[in-house]
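# Structural overview for review
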Amino acid sequence: MSLKIGSSIDMSELPFPVALVDHRFEIKEHSEVFYGYFGFLGSDRLPNNLEDLIGRIPDSLMGIKRKKSLLKNPISEFVSYVSRKGELRWHKLVLYPDVSRSGYFLYFEDVTQKKIAFDLSVQAAHTAKIGSWEVDLVNNKIYWSDMTKEIHEVPKDYTPDLEGGINFYKKGEHRERIMELVSDTIENGGSFDEEFVIVTAKGNEKWVRSIGSTEIVNGKATRLFGVFQDIDQSKRASIKYQVLTDRMRVAVESSNIGIWDYDIVNNVLVWDDNMYDLYQVNKEDFSGEVEAWESTIHPDDRERSLQAVQEAIEGKKQFNTEFRIKTSDGSVRHIHGLGKVFRDEKENAIRMVGANTDVSRIKKADNRLRQLLNTTEKQNQSLLNFAHIVSHNLRSNSSNLSMLTGMLLENTNPEKQQRFLEMIRISSDRLDETVVQLNEVIKIQSDPNINLQWVHVKGTLTEVLESINAHVEEISPNIDIQIEENLKIYGVKPYISSIFLNLLTNSLKYRKPKIKLSIVVEAYEKDGDATISFKDNGRGIDMERHGDKLFGMYKTFHGNKDAKGIGLFISKNQMDAMKAEIEVMSEVDQGATFVLRFPNPKQTKA
Amino acid sequence: MKTKKVFLVDDDFIFREAAEVLITSSGLTDEVLHFENGLEAYNRLVELSETPEHLPEIMLLDINMPVMNGWELLEELRQVKSVVRDSIQIHILTSSIAPEDLNLSKEYEFIDGYITKPLTRADLKKLSRSTVAEE
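Keep in mind that what you see is a predicted model, and the values were worked out from it rather than measured.

## Topic: the overall build of chain A
The helix and strand tally for chain A stands at 19 helices and 24 strands. For chain A, buried positions account for 23% of its 606 residues. Across chain A, every contact between residues at least 6 apart in sequence was considered, and the portion connecting residues at least 24 apart equals 50%.

## With respect to the interface of chain B and chain A
Chain B puts 19 residues into the contact, and the matching count from chain A is 18 residues. Here the side of chain B that touches chain A is built from residues that sort into 11 nonpolar, four polar and four charged.

## Quick word on the environment of B:Asp30
In this fold, B:Asp30 is placed in the loop between α1 (13-26) and β2 (31-35). The sequence separation of B:Asp30 and B:Glu20 amounts to 10 residues, and the corresponding C-alpha distance is 8.7 Å.

## Re the sheet that holds strand β10 (residues 191-199) of chain A
Residue and element names in this part refer to chain A. Spatially, five strands are ordered β9-β8-β12-β11-β10 in an open sheet, and the strand pairing comes out antiparallel. Across the chains shown, the open sheet's two edge strands, defined by having one partner strand only, are β9 (141-144) and β10. Sheet twist, expressed as the mean angle between neighbouring strand axes with direction ignored, is 20°. Of the pairings in the sheet, the one linking strand β11 (residues 205-217) to strand β12 (residues 220-230) comprises 10 bridges and is antiparallel in character. The partner of arginine 209 across the bridge, within β12, is glutamine 229. Its contacts with the sheet put helix α7 (residues 173-188) on β10, β11 and β12, and the angle it makes with β10 is roughly 150°.

## Notes on the environment of B:Arg78
All names here are of chain B. Inspection of the secondary structure assignment puts arginine 78 in helix α3 (residues 70-79). For arginine 78, a count of 11 C-beta atoms within 10 Å translates into the label exposed. Remark: the alpha-carbon pair of arginine 78 and phenylalanine 110, spanning 32 residues in sequence, is separated by 9.0 Å.

## Concerning α7(A)
Counted at 1.5 Å a residue, the expected span for α7(A) with its 16 residues is 22 Å, and the 22 Å between its end C-alpha atoms agrees. Backbone geometry just downstream of α7(A) places A:Gly189 in the positive-phi region, at approximately 80°.

## Digging into the sheet that holds strand β3 (residues 18-21) of chain A
Residues and elements named next belong to chain A. Spatially, the five strands line up as an open sheet ordered β4-β3-β7-β6-β5, and their pairing is antiparallel. Of all the strands in the sheet, just β4 (27-30) and β5 (75-82) have a single pairing partner and so form its edges. Strand after strand, the sheet turns through a mean of 30° between neighbouring axes, direction not considered.

## Some details on unusual backbone geometry
With omega at 5°, the peptide bond leading from B:Lys117 into B:Pro118 counts as cis. For A:Ser102, which is not a glycine, the phi torsion comes out positive at approximately 50°. One non-glycine residue with positive phi stands out, namely A:Lys514, at about 65°. The residue A:Lys514 is located in the loop between α16 (493-509) and β21 (518-526) in this model. For A:Lys514, a count of 5 C-beta atoms within 10 Å gives the class exposed.

## Comments concerning the pairing of strand β6 (residues 88-98) of chain A
Residues and elements named next belong to chain A. Where β5 meets β6, eight bridges bridge the pair, whose relative direction is antiparallel. Residue isoleucine 75 lies in a different strand from β6, and its bridge partner there is leucine 95. The sheet contact formed by β6 and strand β7 (residues 103-110) spans eight bridges and is antiparallel. Paired with tyrosine 96 across the strands is phenylalanine 105, a residue of β7.

Criteria and cut-off values
Residues numbered from 1 in each chain as written. Chains lettered and ligands numbered in written order. Predicted model: local features only at pLDDT ≥ 70, side-chain atom pairs only at ≥ 80, totals over all residues. Helix = DSSP H or I, 4+ residues; strand = E, 2+ residues; numbered from the N terminus. Buried ≥ 20, exposed ≤ 12 C-beta atoms within 10 Å, placed from the backbone. Contact = placed C-beta atoms within 7 Å. Nonpolar A, V, L, I, M, F, W, Y, C, P; charged D, E, K, R; others polar. Pairing = 2+ DSSP bridges. Axes fitted to C-alpha atoms, helices over the stretch in contact; angles between N-to-C directions. Expected span 1.5 Å × (residues − 1).

The analysis is restricted to geometry; functional conclusions fall outside its scope.
Set out below in structure tokens:
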């Protein structure tokens, strides 16, 4: 038997699942596709009751079962059941009461996909901490979703109002801004999407994103609605990142740090703006290949720097090196380079990122510091020497005087008294000589304005030789002078004369007995630096034993009675004062060679 | 009591001459041998180490001297026969008042005293007493 719906439609012919059930949910009639919709085949035993078909009937529908009379209005409910294929399906079930048939038309709509989508959206909203809100401007009612309440840290039964809602926004710019936006949106329509700080019911400050929109009816806003998202974590991280980025940017900009990024595989080198400033290179002129960087490196540092890059790529060492570059204007800069190598999953180096810092000023300061340290060390050495002179020469002579005067007073023998007086005179002379020498040393060391000038080397040497002519003639050495006629050195004339005199008289004094003394004086200039050497065939010096104290005060090395141990000390001080160097090479019985080096004054000044 | 032999090692001939007068007049000894530097004294001590009875009883040793200074001589003495160190009272006699010299002298266990110049009769009396005590 087939049932007609209305007057003309046969239910069995309907192309969707529809059935007629009584109040016990017994299936009385159904469309042909009805059971097929639930996966039943024609040969299957078909259930007669809705409960057998879909399982448990929702509680909201169970009232029908107990009520014999039909409901007046349709009723709908979502139901889930496990299909014959084992799948969980969701349906919207609608029951239409039909008084004429004393039953209900039952209609099914498969909403499984919609349900899945809805569940996902709920889950996403929960995960993303997104809540919704709505203001009914007509009835002045406010709705907050559970998540919106959770974000505000209020209980689920909290009833918001518009003013209360606004008051959650942090007092000041945030509250003023949301009031402005709400007011403007209500007045003019449109929407807003901004970030604010709220203070929750528990007093916690929280960053939120508030999106709002209006519904306009007859030109008037009737509803304001939107979503509310807790973005506190990400916002704070973002602020922190921004602060760090700003600091980094300020640090990078102010400290002259250039950042580079080298794509090893494709040989592409990218520089930031600071790098171009650092290297004094125009962006347009930079090819973006590593060779462009190579060409800027100082030739003396190039091989070492490339080696450092290679070793970093090979994973042998971190790239952390210093090198010099030559800028386009020819100036030299000291660069400190740091870099990190990035590798693919097979450990192949694919990229290198790093920073370059101009450390020229640090280098310069470092050099100055070293010079200062050097000077301080020299001054300390001088102080030690002064301590030595006071302790040794002054005290030894003064103690001699003390002893001798005591003995003079005790002894009445005129002969002995005469001898003591003679010894007192010698000690007194020595004391005087020591004071004179001390004065000379102090003069050299404390004169800040020594008069540096160009001094003719050969002329000065000739003058010195003439001054000791009698002594030279007495010993009659072979003196070989190999000095360019016009060679000049930049120094202090009296110091240079004094040094020449000291070295020549040392050669005369420490000659080997029975061997004719030979002295060779050579002088030449190379790259603006002048070198003068005094070579003799005398007794020489045991350098292993005395090398470190050769230029110390009152150091003598031959046991010679004439040796005072002051000459080389004064010469060394004079050379230091002229920023020149003195060096000695010698072996016992093989003579000695003293080398004086006067640097190019142009380079010294720079 | 004038049986002692004194080695006076100092590069200053004025001091040596004055010290000798003082030593002999104090009655410590009549035999003062002069050495201008450490090396001269060392060579003589090595010679005498074969006949220890001829070693000096006292050596007055200056520190700052050319060729071989007092410290260098002391280092060399560490290497010679122990009889040399054991037989001689070694006293540093120097014009140095630097504390580091005094401290350094304490590192030599065979040094018996440290005298700061000028040498006085009081110093020599102490020396005389200490040598008598040893005998």
